[in-house]
Amino acid sequence: MNESSKARLEKLNNALINNLESTLGIKVYQDSVSEDEFKVELKGVYHYIIFETGGMRRADDKKFTLLQDVLIRFYAENVDDLDGTQLDVITTLESCGYQFVSSDKGYVQKGQEDAYVDSIEFNFTRSLKYGI
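### Some remarks on helix H3 (residues 82–94)
Quick reminder: α-helices carry 3.6 residues per turn. Residues three or four places apart thus point the same way.
Item 1. With 13 residues, H3 extends 18 Å between its outermost C-alpha atoms, agreeing within 8% with the 18 Å of an ideal straight helix rising 1.5 Å per residue.
Item 2. Taken together, the buried positions of H3 are Leu82, Gly84, Thr85, Gln86, Val89, Ile90, Thr92 and Leu93.
Item 3. Where H3 is buried, its residues meet helix H1 (3–24), strand S3 (65–76), strand S4 (98–109) and strand S5 (116–129).

Okay, structure coming up:
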């Protein structure tokens, strides 16, 4: 049941990962980064993306169409042009089936240190047909 819809979700996830990694040149993870991945793959450097998918809801006035929220978290150290990066992420994901909703810039503390890492949270939606 819903095999074509499930295949579309997998295609959208793969497009998100592959397109962001090739455009920005950084690793993209789904849901979280394990401590081992952070230490080995990232070598302890905050420069990566995590994406999470949210719940689904019916699209307005469209029978058998669902919308799903997708949260993208971008973390970066020593990136000068965060606004340019925002534009690159938005353009990249909109070109592969995502609809941009909003973004919010901020920062997070780097472990127990008195240092901070830039962060940007992006909110997107994606749509898919179901029940066909």
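Having seen it, we continue.
### Some points on the packing of H1 against H3
Item 1. At a closest axis distance of 10 Å, the pairing of H1 and H3 adopts a crossing angle of 145°. Two packed elements cross with a definite hand, and for H1 against H3 that hand is right-handed. Along the contact surface, H1 presents Leu16, Asn19, Leu20, Thr23 and Leu24, while H3 presents Thr85, Asp88, Val89, Thr92 and Leu93.
Item 2. Per-class residue counts for the contact of H1 with H3 are 5 nonpolar, 4 polar and 1 charged.

### Some words on the packing of aromatic side chains
Item 1. Applying the stated criterion to the full structure yields 7 aromatic pairs.
Item 2. By way of ring pairs, the aromatic residues Tyr98, Phe100, Phe122 and Phe124 are connected into one cluster.

### A look at the nonpolar core
Item 1. Core analysis: the largest hydrophobic core is formed by 23 residues, its most contacted members being Leu16, Ile72, Phe74, Leu93, Tyr98, Phe122 and Phe124.
Item 2. If you tally residues by element for this core, the top one is H1, at 5 residues.
Item 3. In contact with Phe122, not counting residues within four places along its chain, are Val70, Leu71, Ile72, Phe74, Gln86, Val89, Ile90, Phe100, Ser102 and Ser103.
Item 4. Among the nonpolar cores identified, the runner-up in size contains 7 residues, and Tyr29, Val33, Tyr46 and Ile50 belong to it.

### Section: the side chain of Ser5
Item 1. Mapped onto the secondary structure, Ser5 falls in helix H1.
Item 2. For Ser5, the side chain forms a polar contact with the main-chain oxygen of Lys129, separated by 2.3 Å.
Item 3. Beyond its immediate chain neighbours, meaning those up to four positions away, Ser5 contacts Leu128, Lys129 and Tyr130.

### Focus on the sheet that holds strand S2 (residues 47–58)
Item 1. Taken together, the 5 strands give an open sheet; going across it, the order is S1-S2-S3-S5-S4, and neighbouring strands pair in mixed fashion. Each edge of the sheet is formed by a strand with only one pairing partner; in this case those strands are strand S1 (27–30) and S4. Neighbouring strand axes in the sheet, compared pairwise and without regard to direction, differ in orientation by 25° on average.
Item 2. As paired strands, S2 and S3 are joined by 10 bridges and run antiparallel to one another.

### Focus: the pairing of S3
Item 1. Within S3, 9 of the 12 residues are buried, which leaves it mostly tucked inside the rest of the structure.
Item 2. The antiparallel hairpin formed by S2 and S3 contains 6 residues in its connecting segment, where Asp61 sits at a positive phi of about 60°.

### Details of H1
Item 1. If you check H1, its first and last C-alpha atoms are 32 Å apart, about what 22 residues at 1.5 Å a residue would give, namely 32 Å.
Item 2. Within H1, burial applies to Ser5, Leu9, Leu12, Asn13, Ala15, Leu16, Ile17 and Leu20.
Item 3. In the core, the buried residues of H1 are packed alongside S1, S2, S3, H3, S4 and S5.
Item 4. Immediately downstream of H1, the backbone of Gly25 shows phi near 70°, a positive value.

What counts and how
- Residues numbered from 1 in each chain as written.
- Predicted model: local features only at pLDDT ≥ 70, side-chain atom pairs only at ≥ 80, totals over all residues.
- Heavy atoms only, no water.
- Helix = DSSP H or I, 4+ residues; strand = E, 2+ residues; numbered from the N terminus.
- Expected span 1.5 Å × (residues − 1).
- Buried < 20%, exposed > 50% of the residue type's maximum accessible area, 1.4 Å probe, protein only.
- Contact = heavy atoms within 4.5 Å.
- Axes fitted to C-alpha atoms, helices over the stretch in contact; angles between N-to-C directions.
- Left-handed = near helix turned anticlockwise from the far one by under 90°.
- Nonpolar A, V, L, I, M, F, W, Y, C, P; charged D, E, K, R; others polar.
- Phe/Tyr/Trp six-rings, centres within 6.5 Å; stacked < 30°, edge-to-face > 60°.
- Core = buried A, V, L, I, M, F, W, Y, C linked by side-chain atoms within 4.5 Å.
- Polar contact = N/O pair within 3.5 Å; in protein donor to acceptor, adjacent residues only side chain to side chain.
- Pairing = 2+ DSSP bridges.

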